[in-house]
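# Residue-level structure breakdown
Read off the chains here:
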Amino acid sequence: MKRLAPFLALLLLSGCSVGAIHHKRTAAPEPPDLPAVFDCLRENRLALVSAHRGQPHPEAAENALSSFAETLGEGPILIEMDIGRTADGALVLLHDDRLERTTTGKGQLSAIDYRQLRWLHLETPAGERLDERVPSLDEALTWAKRNGAILQLDLKRGVPQAEVLAAVRRARMERQVILITYTPAAARAALAADPDIMVSASASDARGWQAVLALAGPRLVAFTGTAEPSDALLASLAARGIEAVTGTLGRAGARLDDRYMADGDGREYAGLAARGVSLIASDRPVDALEALRDARRDGRMCLEGKK
């Protein structure tokens, strides 16, 4: 963990434009020791924040390098991104099966090839067309490597886990990603496939959670869902040395983000950290980070290698 300070420094200084980022010639920062960082978070009841779909706020474009840069410029925030697959097998960043909501295109992503996709532009939630294309996974990994970003990779339906892991290895990003899985079996496969990558596991019932607990190890974190986590589940995870990830994201008006920020101070984010949540996945990551800082519950000291 002694080499984490340069990594954090670059995080805090990276709020430049995407164009500027693409032309940097500085050496990439030393990647963090993620298992040690998460141990530190759990042991000290601190939390980091992850930006859902990479957005700094809900009005920004999803899965866009410009949004990633803006988010990272606000501080040490992880970038969660969605990975889809075109008809010719290209791995790209897109949340939906269809193109209409976030791009200028129409139809199924799986029905067009990569060359066709590159003609389309990204759009903001308000419908503003950007001078920006749907990024490939390789482009996103290259950007993250250059800028010291920590990524959460969410594989959408039909995306082979093995192909994503191969892309991560080609980019030498094994130490800067957390692979999101949705079943204990998928988490087990990911842990077995790569000795370096961290994996996020989840379950939908008590039997599934027992299977998750059985996977306990330094490279495993567990997603508790998008509701307030139970103290019993948090205690069970902590007892096995598994860090908890809770989502405050979701449907506008119903998500925890909106409830937490209704009074403007977001103190509930710090409450999650105090209860043992190590990573908060948020649609309002900048607000969440500020609330954690105000309450001295943010995980900066863990990224800096201090305990």
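Residues numbered from 1 in each chain as written. Predicted model: local features only at pLDDT ≥ 70, side-chain atom pairs only at ≥ 80, totals over all residues. Heavy atoms only, no water.

## Regarding the pattern of salt bridges
Here is the rule we go by: In the sections that follow, a salt bridge refers to a side-chain nitrogen of Lys or Arg positioned within 4 Å of a carboxyl oxygen of Asp or Glu. Strands are runs of DSSP state E lasting at least 2 residues, helices are runs of H or I lasting at least 4, and numbering of each runs from the N terminus. When a residue's accessible area, from a 1.4 Å probe over protein chains only, is under 20% of the maximum for its type it is buried; when over 50% it is exposed; and in between it is partly exposed.
Counted according to the given criterion, the structure contains 22 salt bridges. Ionic pairing is found between R275 and E228, a salt bridge with its closest N-O pair at 3.3 Å. Residue R275 is found in helix α12 (residues 267–275), and its partner E228 is found in the loop between β7 (220–223) and α10 (231–239); the two are separated by 47 residues along the sequence. Taking relative accessible area as the criterion, R275 reaches 27% and is therefore assigned partly exposed. With a closest N to O distance of 3.0 Å, D258 and R255 form a salt bridge. With a relative accessible area of 12%, R255 lands in the buried category. Residues joined by salt bridges that share partners form a network here, namely R255, D258, D283, R284 and D287.

## A word on the side chain of H52
Stated formally: Contacts are assigned to residue pairs with any non-hydrogen atoms lying within 4.5 Å of each other.
Structurally, H52 can be placed in the loop between β1 (48–51) and α4 (65–73). Discounting chain neighbours no more than four positions away, the residues touching H52 are E80, L249, S282 and D283.

## A closer look at the state of the cysteines
Applicable threshold: Two cysteine sulfur atoms make up a disulfide if the distance between them is within 2.5 Å.
The final tally for this structure, using the stated rule, is one disulfide. Between the sulfur atoms of C40 and its disulfide mate C302 the distance is 2.2 Å. Residues C40 and C302 are joined through a disulfide that is left-handed, its torsion about the S-S bond being -75 degrees. Of the two residues, C40 is situated in helix α3 (residues 34–44) and C302 in helix α14 (residues 300–303); the sequence distance between them amounts to 262 residues. For C302, a relative accessible area of 0% translates into the label buried.

## What to know about the packing of α4 against helix α6 (residues 137–147)
This is how it is decided: Note on geometry: axes are lines fitted to C-alpha atoms, helical ones only across the stretch in contact, with angles between N-to-C directions running from 0 to 180 degrees. If an angle is under 35 degrees, it is roughly parallel; if it is over 145, roughly antiparallel; if it lies from 65 to 115, roughly perpendicular; otherwise it is oblique. Two helices crossing with the near one rotated counterclockwise from the far one by less than a right angle form a left-handed crossing, whereas a clockwise rotation gives a right-handed crossing. For this classification, Asp, Glu, Lys and Arg are treated as charged, while Ala, Val, Leu, Ile, Met, Phe, Trp, Tyr, Cys and Pro are nonpolar and the rest, including Gly, are polar.
Two elements in contact, α4 and α6, have axes whose closest approach is 11 Å; the angle formed by their N-to-C orientations is 20 degrees. Taken as axis vectors, α4 and α6 run roughly parallel relative to one another. The chirality of how α4 crosses α6 is right-handed. Contact residues: α4 offers L65, F68, A69 and L72, while α6 offers A140, W143 and N147. Class assignment for the residues of the contact of α4 with α6 results in six nonpolar, one polar and no charged.

Treat this as a map of the structure, not an account of what it does.
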